[in-house]
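Structural overview
Here is what each chain is made of, one letter per residue.
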Amino acid sequence: MKRKLVLTGAFIGMLAIILGAFGAHLLKKYLSVDQLNTFEVGVRYQMYHALFLFFLSTQKDIAEKTLKAIYNLVVAGVILFSGSIYLVATKDYTLFYSKIIVFATPIGGFLLIIGWALLFFTILKRKS
């Protein structure tokens, strides 16, 4: 599981760098300032959660089942949260956009919150 956490964190982090550069260099010609700021929020949260996965991989006293649950919540959360933000920010140029996609953002955010909460309560219950 530790390897999976590190590899996924590295992949999500790499994509965040690529998308951030894409937004800063190519999209700034096409998107409004508000759209660029929105896109940047998706990149930022994606990177935060890549680092979160790295941090999670260093935790020794968390059960494998709990690690898997947090991992699944974070990966699904990043896909829904950041992915939907990217689509909303680029809706004028994206073939795939639907008003339904805006519901993915809060669902993804909620999954991320649950992942963090699960880590918090797992550590809180741990005997020091």
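For clarity, every value in this text was computed on a predicted model and none was experimentally measured. (Residues numbered from 1 in each chain as written. Predicted model: local features only at pLDDT ≥ 70, side-chain atom pairs only at ≥ 80, totals over all residues. Heavy atoms only, no water.)

**Some words on a nonpolar patch on the surface**
- On the surface, Phe22, Leu26, Tyr30 and Tyr93 cluster together into a nonpolar patch covering about 420 Å² of accessible area.
- In this structure, Tyr93 sits in the loop between helix H3 (64-89) and helix H4 (104-125). (Patch = residues over 30% accessible without salt bridge, like charges linked within 9 Å, V, L, I, M, F, W, Y side chains within 5 Å. Areas by Shrake-Rupley, 256 points an atom, 1.4 Å probe, with all protein chains shown as cover. Salt bridge = Lys/Arg side-chain N within 4 Å of Asp/Glu carboxyl O. Helix = DSSP H or I, 4+ residues; strand = E, 2+ residues; numbered from the N terminus.)

**Here's the deal with the pattern of salt bridges**
- All chains considered together, the criterion is met by two salt bridges.
- Where Asp61 meets Arg126, a salt bridge forms, and the shortest distance between an N and an O atom there is 3.8 Å. A residue pair is termed long-range when its members are at least 10 positions apart, and Asp61 in the loop between helix H2 (33-57) and H3 and Arg126 in the segment after H4 qualify at 65 residues.
- Of the residues examined, Arg126 reaches a relative accessible area of 30% and is grouped as partly exposed. (Buried < 20%, exposed > 50% of the residue type's maximum accessible area, 1.4 Å probe, protein only.)

**Thoughts on the nonpolar core**
- Judged by nonpolar contacts, the single largest core of 16 residues is most densely connected at Leu5, Leu53, Leu56, Ile70, Val74 and Leu119.
- Among the secondary structure elements, those contributing two or more residues to this core are helix H1 (2-25), H2, H3 and H4.
- Ranked by the residues each element gives to this core, the list is headed by H3, at seven residues.
- Aside from chain neighbours lying at most four places away, what touches Leu56 is Lys2, Leu5, Ile62, Leu67, Ile70 and Leu119.
- Residues Leu27, Leu31, Phe39 and Tyr86 belong to the second largest nonpolar core, which totals seven residues. (Core = buried A, V, L, I, M, F, W, Y, C linked by side-chain atoms within 4.5 Å. Contact = heavy atoms within 4.5 Å.)

**Remarks on the packing of aromatic side chains**
- One pass over the full model with this rule turns up five aromatic pairs.
- Where Phe52 meets Trp116, the ring centres are 3.9 Å apart and the plane angle is 25°; that geometry is what we call stacked. Of the two residues, Phe52 is situated in helix H2 and Trp116 in helix H4; the sequence distance between them amounts to 64 residues.
- Taken together, the ring pairs connect Tyr45, Tyr48 and Phe81 into an aromatic cluster. (Phe/Tyr/Trp six-rings, centres within 6.5 Å; stacked < 30°, edge-to-face > 60°.)

**A short note on the UniProt feature "transmembrane region" (unreviewed entry) in the protein chain**
- Using the residue numbers shown here, the UniProt feature "transmembrane region" (unreviewed entry) corresponds to residues 39-57, 69-88 and 100-124.
- Helix makes up 100% of residues 39-57 and strand makes up 0%, while its end C-alpha atoms are separated by 28 Å. (UniProt positions renumbered as here; feature names shortened; annotations may be inferred.)

**Comments concerning the packing of H3 against H4**
- Viewed as axis vectors pointing N to C, H3 and H4 meet at an angle of 155°, and their least axial separation amounts to 7 Å. Judged by the angle between their axes, H3 and H4 are roughly antiparallel. The element H3 and its partner H4 pack so that their crossing is left-handed. Contacts from Thr66, Ala69, Ile70, Leu73, Val74, Ala76, Gly77, Val78, Leu80, Phe81, Ser84 and Ile85 in H3 reach Ala104, Thr105, Ile107, Gly108, Gly109, Leu111, Leu112, Ile114, Gly115, Leu118, Leu119 and Thr122 in H4.
- Of the residues belonging to the contact of H3 with H4, the class tally is 16 nonpolar, eight polar and no charged. (Axes fitted to C-alpha atoms, helices over the stretch in contact; angles between N-to-C directions. Parallel < 35°, antiparallel > 145°, perpendicular 65-115°, else oblique. Left-handed = near helix turned anticlockwise from the far one by under 90°. Nonpolar A, V, L, I, M, F, W, Y, C, P; charged D, E, K, R; others polar.)

**A closer look at the environment of Lys28**
- Here Lys28 lies in the loop between H1 and H2.
- If sequence neighbours within four positions are ignored, Lys28 has contacts with Gly23 and Leu36.

**Here's the deal with the packing of H1 against H2**
- Taken N-terminus to C-terminus, the directions of H1 and H2 make an angle of 160°; their axes are 8 Å apart at the nearest point. Put simply, H1 runs roughly antiparallel to H2. Crossing geometry of H1 relative to H2 is assigned as left-handed.
- Residue composition of the contact of H1 with H2, grouped by class: 17 nonpolar, seven polar and one charged.

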